[in-house]
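# Secondary and tertiary structure notes
If you want the building blocks of each chain, they are given just below.
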Amino acid sequence: MRTSSLVLLLTLSSLVTACRDEQAGPKPRTQRLPEPAQARLLDAAPSDLTFRAGTTFAEGAVVYLGSKVTPPNAAPGEEVRLSHYFQARRPPPQGYGFFVHVVDEAGGGMLINADHEVQNGAAPLASWPVDKVVEDVHSVPMPAVPARVMLGFWRGDARLPVDEASAQDGAHRMMGPRLGGNAAAELPEYLVRRASAAPTIDGVLDDAAWKSASPVVLRGSFDGREVRLRTEARLAYDDEFLYVAFDAEDPDVWGTLLKRDDPIYEQEVVEIFLDANADGRTYNELQVSPHNVNFDASFVGRRQGMDVSWDSGMKSAVKVRGTLDDASDKDEGWSVEMRIPFARLSEVPHIPPRPGDRWRFNLYRLEHHGRRTVEGQAFSPLFVGDFHALPRFAWLTFQ
């Protein structure tokens, strides 16, 4: 997706965008404790910190004592409580806000933007009394991939300097505790059957190929939850093509982008990502909107080398059960058929695929409830706000 994926609630600002997901946008999706009546001040940090620091900001004015992660080995998507502890050694700098970023350790990309005010605004940096320990507590979902918490203070376009070079990332983000990668959820597998006859690409899912294909229901892309509107998908193949079908419940089927390779990932869309040689690097992204507008792109690494000039050769068709682009009535939904030539995909090991060949892939849907709130759906939940989370791609096994 230029492309993405959901940032309506968390901004993946450090990544090349290439599809939009429910984590898109300016609002962090973190759960915070109720706002306290007054600042929580301690005489000392707890003795059971899971991450100890002792590193300083602003020439020793503020020390980061460490953090506690509870539970430390949560499953991907499970909420974890982060408790951070700071102390002012002399009157602290004025006018700084607090930031917390959870970044992918492998590539440094933003996974979660958890920026917030210390103690929900009860204890801004400028108010910290000298020598008292300030505790800040908030929650984030446990990432599915190894990640690092980065934290610090900002004012305008600048960050409060971190004194020790080894304690920061070069951009004055203090290194905090590590998260994720301890108990990754099992990756699902789809067994794709050879079609006895090619389906007619007309958007109507009445072909024999679909009747014999196993249906899967997409779940919340961020945490695997059940979703508000059902999306069912099926796949089949023959010597030349991979066939993909989506059937989506939708009371308001709409879209305003009508040209090929328009950023349809900003609206309602269904998608498939394909990593044919399962190398975790080269992959393709293909999308279809309710207007049957196509977007396709190839990548040479996770969000790297995006090539929107690449032409998948895909043929698609859409059938809308209702009135397209009319919010005044209630629609039933829309269905999509995609026919994707194997020969156009990146680094396909065998054409046609051999029985037992295993690719990596994922299926997605973006739904804008009320044309405002974005919900991401996936076959393999990602547990991060990024549709390009290659380690969470499912297995596609050819029968």
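Quantities reported herein were computed from a predicted structural model and do not represent experimental measurements.

Tallying secondary structure elements over the protein gives one helix and 26 strands in all. Evaluated residue by residue, the protein yields a buried proportion of 55% over its 399 residues. Taking the intrachain contacts of the protein between residues at least 6 apart in sequence as the baseline, contacts between residues at least 24 apart amount to 67%. With the model as given, the accessible surface of the protein reaches about 16,000 Å², and the carbon-plus-sulfur share is 49%.

A separate point is the pattern of salt bridges. By the definition in use, this model includes 23 salt bridges. In this structure, the salt-bridge partner of Arg-40 is Glu-135, at a minimum N-O distance of 3.2 Å. Linking Arg-40 in the loop between strand S3 (31–32) and strand S4 (41–42) with Glu-135 in strand S10 (residues 133–141), this pair joins segments that are 95 residues apart in sequence. The class of Arg-40 is partly exposed, set by a relative accessible area of 26%. On the basis of relative accessibility, which here comes to 14%, the residue Glu-135 falls in the buried class. We note a salt bridge from Arg-194 to Asp-239, for which the minimum N-O separation is 2.8 Å. Taken together, the residues Arg-194 in strand S14 (residues 189–194) and Asp-239 in the loop between strand S17 (231–237) and strand S18 (241–249) connect sequence positions 45 residues apart. On the accessibility criterion, Arg-194 (41% relative accessible area) is partly exposed. Asp-239 sits in the partly exposed class, given a relative accessible area of 43%. Shared partners join several salt bridges into a network, and the residues in it are Asp-104, Arg-302, Arg-303 and Asp-386.

Moving on, we come to the packing of aromatic side chains. On inspection of all chains with the given rule, the structure shows 21 aromatic pairs. Seen in terms of ring centroids, Phe-86 and Phe-98 are 5.8 Å apart; in terms of plane orientation they differ by 85°. Their pairing is edge-to-face. Here Phe-86, found in strand S7 (residues 79–88), pairs with Phe-98, found in strand S8 (residues 97–104); they are twelve residues apart in sequence, far enough to count as distant. Side by side, Phe-86 and Phe-98 carry an identical accessibility label, which is buried. Each ring, one from Trp-128 and one from Phe-153, has its centre 5.8 Å from the other, and the planes form 80°; the classification is edge-to-face. Of this pair, Trp-128 sits in the loop between strand S9 (110–113) and S10 while Phe-153 sits in strand S11 (residues 147–155), and the two are 25 residues apart along the sequence. Per residue, the accessibility class of Trp-128 equals that of Phe-153, and both read buried.

Once that is clear, we can look at the environment of Ser-47. Examined against the element boundaries, Ser-47 turns out to sit in the loop between S4 and strand S5 (51–57). Distance from Ser-47 to Lys-68, taken between C-alpha atoms, is 9.9 Å for residues 21 residues apart in sequence.

Locating Glu-347 in the fold gives a position in the loop between strand S23 (333–341) and strand S24 (358–369). Taking C-alpha positions, Glu-347 is 8.3 Å from Asp-275, a pair spaced 72 residues apart along the chain. Polar contacts involving the side chain of Glu-347 include one to the side chain of Asn-277, which spans 2.5 Å.

Mean pLDDT over the protein stands at 90; residues scoring 70 or higher make up 90%. Confidence over residues 1–18 falls short of pLDDT 50; this stretch has 125 contacts with residues more than four positions distant or in other chains. Low pLDDT (under 50) marks residues 20–31, which in the prediction has 78 contacts with non-local residues, meaning those over four places away or in another chain.

All right, on to unusual backbone geometry then. Thr-70 connects to Pro-71 through a cis peptide bond whose omega is -10°. Topologically, Pro-71 is positioned in the loop between strand S6 (62–70) and S7. Cis peptide bonds are those with omega within 30 degrees of zero, and the linkage from Ile-351 to Pro-352 qualifies with -5°. For Pro-352, the location among the structural elements is in the loop between S23 and S24. Here the phi dihedral of Arg-303 falls at roughly 60°; this positive angle occurs in a residue that is not glycine. Within the secondary structure layout, Arg-303 lies in the loop between strand S21 (294–299) and strand S22 (315–321). Here Arg-303 falls in the buried class, since its relative accessible area comes to 6%.

Quick look at the nonpolar core now. Counting 54 residues, the largest nonpolar core has Phe-57, Phe-86, Trp-128, Leu-151, Phe-153 and Leu-179 as the members making the most contacts within it. Both domain 1 (41–179) and domain 2 (189–398) contribute no fewer than three residues apiece to this core. In this structure, Leu-179 is in contact with Val-69, Leu-82, Val-102, Val-140, Met-142, Pro-143, Val-145, Pro-146, Ala-147 and Val-149, ignoring residues within four places of it in sequence. Core analysis: the next-biggest nonpolar cluster, separate from the first, contains 45 residues, Leu-218, Ala-248, Ile-272 and Phe-342 among them.

For His-138, the location among the structural elements is in strand S10. Polar contacts involving the side chain of His-138 include one to the side chain of His-84, which spans 3.0 Å.

Looking now at the pairing of S23. Across the nine residues that make up S23, a large majority, eight, are buried. As paired elements, S18 and S23 share nine bridges and run antiparallel to each other. Residue pairing across strands places Val-244 opposite Met-338, the latter belonging to S23. Strand direction decides the pairing type here: S22 and S23, joined by seven bridges, are antiparallel. Among the inter-strand pairings, Arg-321 is bridged to a residue of S23, identified as Gly-333.

About the criteria used
Residues numbered from 1 in each chain as written. Predicted model: local features only at pLDDT ≥ 70, side-chain atom pairs only at ≥ 80, totals over all residues. Heavy atoms only, no water. Helix = DSSP H or I, 4+ residues; strand = E, 2+ residues; numbered from the N terminus. Buried < 20%, exposed > 50% of the residue type's maximum accessible area, 1.4 Å probe, protein only. Contact = heavy atoms within 4.5 Å. Areas by Shrake-Rupley, 256 points an atom, 1.4 Å probe, with all protein chains shown as cover. Salt bridge = Lys/Arg side-chain N within 4 Å of Asp/Glu carboxyl O. Phe/Tyr/Trp six-rings, centres within 6.5 Å; stacked < 30°, edge-to-face > 60°. Polar contact = N/O pair within 3.5 Å; in protein donor to acceptor, adjacent residues only side chain to side chain. pLDDT = per-residue confidence, 0-100. Core = buried A, V, L, I, M, F, W, Y, C linked by side-chain atoms within 4.5 Å. Domains from an automatic or database assignment. Pairing = 2+ DSSP bridges.

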